[in-house]
Amino acid sequence: MAIAPSELILNPDGSIYHLNLRPEHLASTIITVGDPDRVDTVTKYFDSVRFTTQKREFKTSTGTYKGKEITVISTGIGTDNIDIVLNELDALVNINLETREINEVHTSLDIVRIGTSGSIQADIPVNSFLMSRYAIGLDALLHFYDSKHVQHPAIQKAFIEHMSWAPEKSDPYVVACDEQLADKFASDKMVDGFTATNIGFYGPQGRVLRLKTTDATMNDKLGTFCFRESATSKELKVTNLEMETSGIYGLAKLLGHRAVSLNCIIANRANMTFSEQPTEQTEALIQYTLDAITKD
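Note that this is a predicted model, so its numbers are computed, not measured.

What about the packing of aromatic side chains?
- For the structure on display, the rule yields six aromatic pairs.
- The interplanar angle of 80 degrees and the centroid separation of 5.3 Å between the aromatic rings of Phe-159 and Phe-225 together place this pair among those described as edge-to-face. Of this pair, Phe-159 sits in helix H3 (residues 153-163) while Phe-225 is found in the loop between helix H5 (218-224) and strand S11 (226-227), placing the two residues 66 residues apart along the sequence.
- Taking the centre distance of 5.0 Å and the plane angle of 80 degrees together, the rings of Phe-201 and Tyr-202 count as edge-to-face.
- Taking relative accessible area as the criterion, Tyr-202 reaches 44% and is therefore assigned partly exposed.
- One Lys or Arg, Lys-169, reaches over the ring of Trp-165 and ends 5.2 Å from the middle of that ring.
- Its end group placed over the ring of Phe-201, Arg-207 keeps NZ or CZ at 3.9 Å from the ring centre.

In structure tokens:
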């Protein structure tokens with residue numbers, strides 16, 4: 001059955017509404033970044049770029065690196081934008097935009113986030129590279145979708161109890177990365193992380209300027225949360241705070257895509273320190289990522 005024009009919105013040229021892309025503009029491997037300016041920071045390492053467009057905060061370039069075609073797209077900040085980007089990327093490969101019908105055979109994308117983040121553990125210093133094995137969403141995005149089957153209820157329950165989570169806040173949800181894709185980026189340079197994703201940069205991440213927060217001890221409690229499924233399983237601690245990963249993981253799993261989030265730690269909230277070389281370290285993560293993507 002055809003999807004109505006009010007639900008699947010297209011531009012006059014047939015491109016998807018927000019991203020301004022058509023299916024032929026997209027590679028099957030996608031790097032997401034927050035800042036539109038960071039798209040060029042990634043593609044300057046490419047052998048060539050065949051396509052570039054921008055609409056609002058969504059800038060996209062597709063080209064090749066060491067012979068592999070890659071699309072780089074900026075998402076802007078927050079899981080609200082991730083909702084737009086993931087749904088529209090999926091529509092480009094899994095919906096016929098001319099007939100507005102869902103394809104019988106679904107295409108799976110590899111989605112790699114390169115972002116910056118702040119550690120909440122004292123032993124994860126600035127300039128570290130961190131891969132989010134799990135993400136816990138402190139926003140509400142996944143609760144708008146039929147998503148119970150991709151969540152981890154035992155971790156969620158333990159987290160809610162540990163945090164004395166306020167009932168007026170959305171219940172946190174936990175989603176894992178795609179382990180097969182994550183293995184491409186694992187090395188002794190990469191810290192395994194459990195990333196907390198929240199809906200803002202200031203109060204939702206425990207920062208206080210002029211406004212008081214409802215839980216002044218939130219980051220302390222985040223830092224002391226520990227979950228162990230069994231006596232033989234690995235201890236799970238929240239490692240860092242940012243604003244996109246849980247949305248990427250949740251929607252990617254629901255839509256049948258593979259996703260992993262890589263973070264350059266530019267702040268340590270426990271030690272109150274900030275990287276003196278955030279740009280250089282983020283570029284180092286970009287180069288690491290590109291080489292890992294093209295590794296056999």
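Points about the environment of Leu-254
- Position of Leu-254 among the secondary structure elements: in helix H6 (residues 245-255).
- Look at Leu-254 and you get partly exposed, because its relative accessible area is 27%.
- Spatially, the C-alpha atom of Leu-254 lies 7.3 Å from that of Val-150, the residues being 104 residues apart in sequence.

Here we look at the pattern of salt bridges
- Applying the stated criterion across every chain, the model contains 17 salt bridges.
- The closest approach of N and O atoms between Asp-192 and Arg-133, which form a salt bridge, is 3.2 Å. One end of the pair, Asp-192, is in strand S10 (residues 190-197); the other, Arg-133, is in strand S8 (residues 129-137), with 59 residues separating them in the sequence.
- Three or more residues are tied together by salt bridges with common partners; here these are Arg-133, Glu-179, Asp-183, Asp-192 and Lys-234.

Cut-offs and rules
Residues numbered from 1 in each chain as written. Predicted model: local features only at pLDDT ≥ 70, side-chain atom pairs only at ≥ 80, totals over all residues. Heavy atoms only, no water. Phe/Tyr/Trp six-rings, centres within 6.5 Å; stacked < 30°, edge-to-face > 60°. Helix = DSSP H or I, 4+ residues; strand = E, 2+ residues; numbered from the N terminus. Buried < 20%, exposed > 50% of the residue type's maximum accessible area, 1.4 Å probe, protein only. Lys NZ or Arg CZ within 6 Å of the ring centre and 35° of its normal. Salt bridge = Lys/Arg side-chain N within 4 Å of Asp/Glu carboxyl O.

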